[in-house]
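Residue strings, one per chain:
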Amino acid sequence: MGEKSKSKGWCGWFIAIIVLAAVVLAVVYTVKSRMKKSGEADGSGPVPGPPGAIDKKYADALKLSLQFFDIQKSGKLVNNKIPWRGDSGLKDGSEADLDLSKGLYDAGDHIKFGFPMAFTATVLSWSILEYGDQMDAVNQLDPAKDSLRWTTDYLIKAHPSDNVLYIQVGDPKIDHPCWERPEDMKEKRPLTKIDVDTPGTEVAAETAVAMASASLVFKDSDPQYSATLLKHAKQLFDFADTKRGSYSVSIPEVQKFYNSTGYGDELLWAASWLYHATEDKTYLDYVSKHGTEFASFGNPTWFSWDNKLAGTQVLLSRLLFFKKDLAGSKGLGSYRDTAKAVMCGLLPKSPTATASRTNGGLVWVSEWNSMQQSVSSAFLASLFSDYMLTSRIHKISCDGKIFKATELRDFAKSQADYMLGKNPLGTSFVVGYGDKYPEFVHHRGASIPADATTGCLDGFKWFNSTKPNPNIAYGALVGGPFFNETFTDSRENPMQNEPTTYNNALLVGLLSSLVTTSSALQSLK
């Protein structure tokens, strides 16, 4: 009896073990199958969810990059966090009985150039709309919205009537011969405007984009302000489209600094953003109707303050990723195909990879302000990668060679890391980040002690000083290296060592995309 009981017990345990093993194998198989479907098994990455672990490197750099906008603010400062900055430009606009005191100084000078300033606001809005939750995870959403509103407050006042837009405060011929703090400016600050007799389609359209995108940012927190922005956006788009003409032709003086190569891209860009802000199909029909005329389908371009085609193509691609009812929309497919061509050009191992790249891996297009194309390309690559992953599309084909969506993100990281110091020079190009960064930045306010009182010319003793700037322009992304990866840290080198607000807006977007991971929003509205 005893031997039979032991035998039965052993058999029972053996059967139980076999059943348990079968269950474990089934679970493992199921998990692997799901991983494969989501992309994890082939290394293409999981579908992102809510903000995850924070990457401290990018979080620290993001905080710095947003500080630069506080450094660039004009007007009567509120809750000023920059000890060496104070009120300035308080009478800007007075010759036209307007208050144009707010806004941002463009770079190391004290001009308010409306064209790149509007682009700065647009990119800040786009960054907030796409990555606001990630900004919020590191307490940077409010600073971003504050800098955006400071800029759009100015743009609203610069548009006093339907067909009038003030596009510049200050004159480079007066401003640039001076080296002084903005707080000490006493020179004339003349205004430049566009109107029906002096058209400027690209500036009016880009300002419409800034207003439309910002209206989405403030839609929930301040509906009245959002409605005001949207009203101005619609008026400006109508002005831009019905009174066509390049501001570079109407106002030849602008050619030396922010010359426009055409306005068709801004019209498509504006219509695209107005569709996102309103869901009025008229705007979608516009981009379909005028795509052949303006979109340069099949020809990848570089995204910048002057050329908005690549940004337009990525923005319209988001519609096809997330709005399946638009899959058959006439013309949108060509925008996404060209956006894919842009992405394939950025991937280093793609058959169509751009040769405009340094040995250290930095996308490099222009000697002057070389970082602009690298930071803008990386920002678009992050966006497109996130659109793909959120849509559970994990692969992209480049002339028959398959790449993973995460490889676009890897490219974006490589550009960000280069800017933050992982480069042959071992220097960060973001002021204040890391152990080594530019100390002689071409920036008037940073180079002159806060307690100094200067006129137009006597500030040049600090311009010519052999000592580092007394004030650190925290977060400023300078122009960048030459193609041979040399860089001269000198105030006399604005080509490489001058920061701009629009570069920093793109940097904010890029770093916000990398600080953690999260799903892209299905709709920006």
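Worth saying up front: this structure is predicted, and the values here are computed from it rather than measured.

What counts, and at which threshold
- Residues numbered from 1 in each chain as written.
- Predicted model: local features only at pLDDT ≥ 70, side-chain atom pairs only at ≥ 80, totals over all residues.
- Heavy atoms only, no water.
- Helix = DSSP H or I, 4+ residues; strand = E, 2+ residues; numbered from the N terminus.
- Contact = heavy atoms within 4.5 Å.
- Areas by Shrake-Rupley, 256 points an atom, 1.4 Å probe, with all protein chains shown as cover.
- Core = buried A, V, L, I, M, F, W, Y, C linked by side-chain atoms within 4.5 Å.
- Buried < 20%, exposed > 50% of the residue type's maximum accessible area, 1.4 Å probe, protein only.
- Pairing = 2+ DSSP bridges.
- Axes fitted to C-alpha atoms, helices over the stretch in contact; angles between N-to-C directions.
- Parallel < 35°, antiparallel > 145°, perpendicular 65-115°, else oblique.
- Left-handed = near helix turned anticlockwise from the far one by under 90°.
- Nonpolar A, V, L, I, M, F, W, Y, C, P; charged D, E, K, R; others polar.
- UniProt positions renumbered as here; feature names shortened; annotations may be inferred.
- Expected span 1.5 Å × (residues − 1).
- Salt bridge = Lys/Arg side-chain N within 4 Å of Asp/Glu carboxyl O.
- Disulfide = S-S within 2.5 Å.
- Polar contact = N/O pair within 3.5 Å; in protein donor to acceptor, adjacent residues only side chain to side chain.

(A) The arrangement of the overall build of the protein chain in detail. In terms of helices and strands, the protein chain carries 19 helices and 5 strands. Once local pairs closer than 6 in sequence are excluded, the contacts in the protein chain between residues at least 24 apart make up 74%. As displayed, the protein chain offers around 21,700 Å² of accessible surface, 54% of which is attributable to carbon and sulfur atoms.

(B) Layout of the nonpolar core. Judged by nonpolar contacts, the single largest core of 149 residues is most densely connected at Trp126, Trp273 and Met343. If one sorts the elements of this core by residue count, helix 3 (residues 114-137) sits on top with 12 residues. Those residues in contact with Trp273 that sit more than four places away from it in its chain are Thr122, Trp126, Leu129, Val209, Ala212, Ser213, Leu216, Leu315 and Leu524.

(C) Structural detail: the sheet that holds strand 1 (residues 112-113). Judged by pairing direction, the sheet is antiparallel, and its 3 strands sit side by side in the order 1-2-3 without closing on themselves. The two strands at the open ends of the sheet, each matched to only one other strand, are strand 1 and strand 3 (191-194). With 4 bridges connecting them, strand 2 (residues 165-169) and strand 3 associate as antiparallel partners. When the sheet's bridge partners are listed, Val169 is paired in strand 3 with Leu191.

(D) Seen up close, the packing of helix 7 (residues 223-242) against helix 10 (residues 264-278). The interhelical angle for the contact between helix 7 and helix 10, taken along N-to-C directions, is 150°, at an axis separation of 11 Å. The angle between helix 7 and helix 10 places the two elements in the roughly antiparallel class. The handedness of the crossing between helix 7 and helix 10 comes out as left-handed. On helix 10, the residues that touch Leu230, Ala233, Lys234, Phe237, Ala240 and Asp241 of helix 7 are Leu267, Ala270, Ala271, Leu274, Ala277 and Thr278. Residues that form the contact of helix 7 with helix 10 fall into these classes: 9 nonpolar, 1 polar and 2 charged.

(E) A look at the UniProt feature "active site" (unreviewed entry) in the protein chain. According to UniProt, the "active site" (unreviewed entry) feature falls on His442. Here His442 is to be found in the loop between helix 15 (405-419) and helix 16 (444-447). In contact with His442, not counting residues within four places along its chain, are Gly108, Trp179, Phe463, Arg491, Pro494, Asn497, Glu498 and Pro499.

(F) Fine view of the side chain of His290. Tracing the chain through its elements places His290 in helix 11 (residues 281-294). Residue His290 is classed as buried on the basis of its relative accessible area, which comes to 11%.

(G) Geometry of helix 19 (residues 501-514). With 14 residues, helix 19 extends 20 Å from end C-alpha to end C-alpha; this agrees with the ideal 20 Å at 1.5 Å per step. Burial of helix 19 is extensive: 14 of the 14 residues sit out of reach of the surface.

(H) Up close: the pattern of salt bridges. A full pass over the atoms with the stated rule returns 22 salt bridges. Residue Asp222 is joined to Arg149 by a salt bridge in which the shortest nitrogen-to-oxygen separation is 3.1 Å. Taken as a pair, Asp222 in the loop between helix 6 (201-217) and helix 7 and Arg149 in helix 4 (residues 141-157) lie far apart in primary sequence, 73 residues in all. Judged by its relative accessible area of 22%, Asp222 falls in the partly exposed class. Among the ionic pairs, Glu183 bridges to Arg181, the shortest N-O distance being 3.4 Å. On the basis of relative accessible area, Arg181 is assigned to the buried category, the value being 7%. Ionic contacts of the salt-bridge type, sharing partners, join the residues Arg85, Arg181, Glu183 and Asp184 into one network.

(I) The arrangement of the state of the cysteines in detail. Overall, the coordinates contain 2 disulfides when judged by the stated rule. The disulfide partner of Cys178 is Cys456, and the gap between their sulfur atoms is 2.0 Å. The S-S bond linking Cys178 to Cys456 shows a torsion near -90°; that makes this disulfide left-handed. Residue Cys178 is located in the loop between helix 5 (172-175) and strand 3, and its partner Cys456 is located in the loop between helix 16 and helix 17 (460-463); the two are separated by 278 residues in the primary sequence. According to the relative accessible area criterion, Cys456 is partly exposed, its value standing at 22%. Here Cys344 engages in a disulfide with Cys398; their sulfurs sit 2.0 Å apart. Handedness here is read from the sign of the S-S torsion; for Cys344 and Cys398, about -85°, the answer is left-handed. Of this pair, Cys344 sits in helix 13 (residues 332-346) while Cys398 is found in strand 4 (residues 395-398), placing the two residues 54 residues apart along the sequence. Here Cys344 matches Cys398 in class, with each residue buried. For the protein chain, the bonded cysteines connect in the pattern 1-4, 2-3 when numbered consecutively along the sequence.

(J) Geometry of the pairing of strand 5 (residues 401-404). Judged from the 4 bridges that link them, strand 4 and strand 5 form a sheet pairing that is antiparallel. Within strand 5, the residue paired with Lys395 across the bridge is Lys404. Here strand 4 folds back onto strand 5, and the loop between the two strands holds 2 residues, one of which, Asp399, carries a positive phi near 50°.

(K) Quick peek at the side chain of Lys112. In this fold, Lys112 is placed in strand 1. A distance of 2.9 Å separates a polar atom in the side chain of Lys112 from a polar atom in the side chain of Asp92. A polar contact is formed between the side chain of Lys112 and the backbone oxygen of Ser101, at a distance of 3.1 Å.

(L) Molecular detail of helix 10. With 15 residues, helix 10 should reach 21 Å at 1.5 Å per residue; the first-to-last C-alpha distance of 21 Å fits that figure. Burial runs high along helix 10: 15 of the 15 residues are buried. Positive backbone phi, at 60°, marks Glu279, one or two positions downstream of helix 10.

(M) Summary view of the environment of Ile174. Residue placement: Ile174 occurs in helix 5. The contacts of Ile174, once residues within four sequence positions are left out, are Glu187, Lys188 and Pro190.

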